[in-house]
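Residue-level structure breakdown
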Amino acid sequence: MFPESGRAFGPDLYVVDEEAFRAPGRHGNGSALSLVAEPTSGSTKETDWTDKAAVYGRVVPVYLVLDMREGQLTIFWDPSEQGYRARRTVPFGSPVPVPAPFDFTLDTTGFEAGIDS
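Residues numbered from 1 in each chain as written. Predicted model: local features only at pLDDT ≥ 70, side-chain atom pairs only at ≥ 80, totals over all residues. Heavy atoms only, no water.

Here we take up the sheet that holds strand β2 (residues 33-39). With mixed pairing, five strands are arranged side by side in an open sheet as β1-β2-β3-β4-β5. Of all strands in the sheet, those with a lone pairing partner are β1 (13-16) and β5 (86-91), marking the two edges. Here the strands of the sheet are splayed against their neighbours by 10° on average, with no regard to which way each runs. The pairing of strand β3 (residues 62-67) with strand β4 (residues 72-77) spans six bridges and is classified as antiparallel. Across the sheet, the residue bridging to V62 is W77, located in β4. (Pairing = 2+ DSSP bridges. Helix = DSSP H or I, 4+ residues; strand = E, 2+ residues; numbered from the N terminus. Axes fitted to C-alpha atoms, helices over the stretch in contact; angles between N-to-C directions.)

Pasting the structure below:
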């Protein structure tokens, strides 16, 4: 849950501090998220790129959008009150550095198998 925006999302993949699961209620605190990944589909693409990017961009350190139609991954990082300050797009099959708090290189080769045709 992101109280400041009045929104709640159910990310497809996320990394969260285990404290988020100890909170009362059925929604965890969005500020406990450290990474969110959303593979796009025809019905979710616009929300993944607009609403979610705007809300996550204030709190979540790393946001990955896997565009399954275009065959590319966009990584957003460096959240601020105005949204993410940095982003990079790579085609599936290219490595992409994932910044702090993770600091590793993500191999996107396997994502090519999921491309919508």
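Of note, E38 is situated in strand β2. Reaching out from E38, the side chain makes a polar contact with the backbone nitrogen of D12 at a distance of 3.4 Å. Engagement of the side chain of E38 in a polar contact is seen with the side chain of K52, the distance being 3.1 Å. Beyond its immediate chain neighbours, meaning those up to four positions away, E38 contacts G10, P11, D12, D48, K52, Y56, Y63, L64, V65 and L66. (Polar contact = N/O pair within 3.5 Å; in protein donor to acceptor, adjacent residues only side chain to side chain. Contact = heavy atoms within 4.5 Å.)

On to the nonpolar core. Among the nonpolar cores identified, the biggest contains 13 residues, and L64, L66, L73 and I75 are the most heavily contacted of them. Within the residue set of this core, elements represented by two or more residues are β2, β3, β4 and β6 (95-98). Residue contributions to this core peak at three residues, all from β3. In this view, L66 contacts A37, E38, P39, T40, Q72, L73, F92 and F111; residues no more than four positions away in its chain are not counted. In this structure, L33, V36, Y63 and V65 belong to the second largest nonpolar core, which totals nine residues. (Core = buried A, V, L, I, M, F, W, Y, C linked by side-chain atoms within 4.5 Å. Buried < 20%, exposed > 50% of the residue type's maximum accessible area, 1.4 Å probe, protein only.)

Between two aromatic rings, the relevant description is the distance of the centres plus the angle of the planes. Considering all chains together, one arrives at six aromatic pairs under this definition. Consider the rings of W49 and F76, whose centres lie 5.9 Å apart with planes at 70°: the pair is edge-to-face. Placement of the pair is W49 in helix α1 (residues 45-49) and F76 in strand β4, with a sequence separation of 27 residues. Taken together, a centroid distance of 6.4 Å and an interplanar angle of 15° make the contact between Y63 and Y84 stacked. Of the two residues, Y63 is situated in strand β3 and Y84 in the loop between β4 and β5; the sequence distance between them amounts to 21 residues. Of the two residues examined, Y63 and Y84, each falls in the buried class. Among the aromatic side chains, those forming a connected cluster through ring pairs are W49, Y56, Y63, F76 and Y84. (Phe/Tyr/Trp six-rings, centres within 6.5 Å; stacked < 30°, edge-to-face > 60°.)

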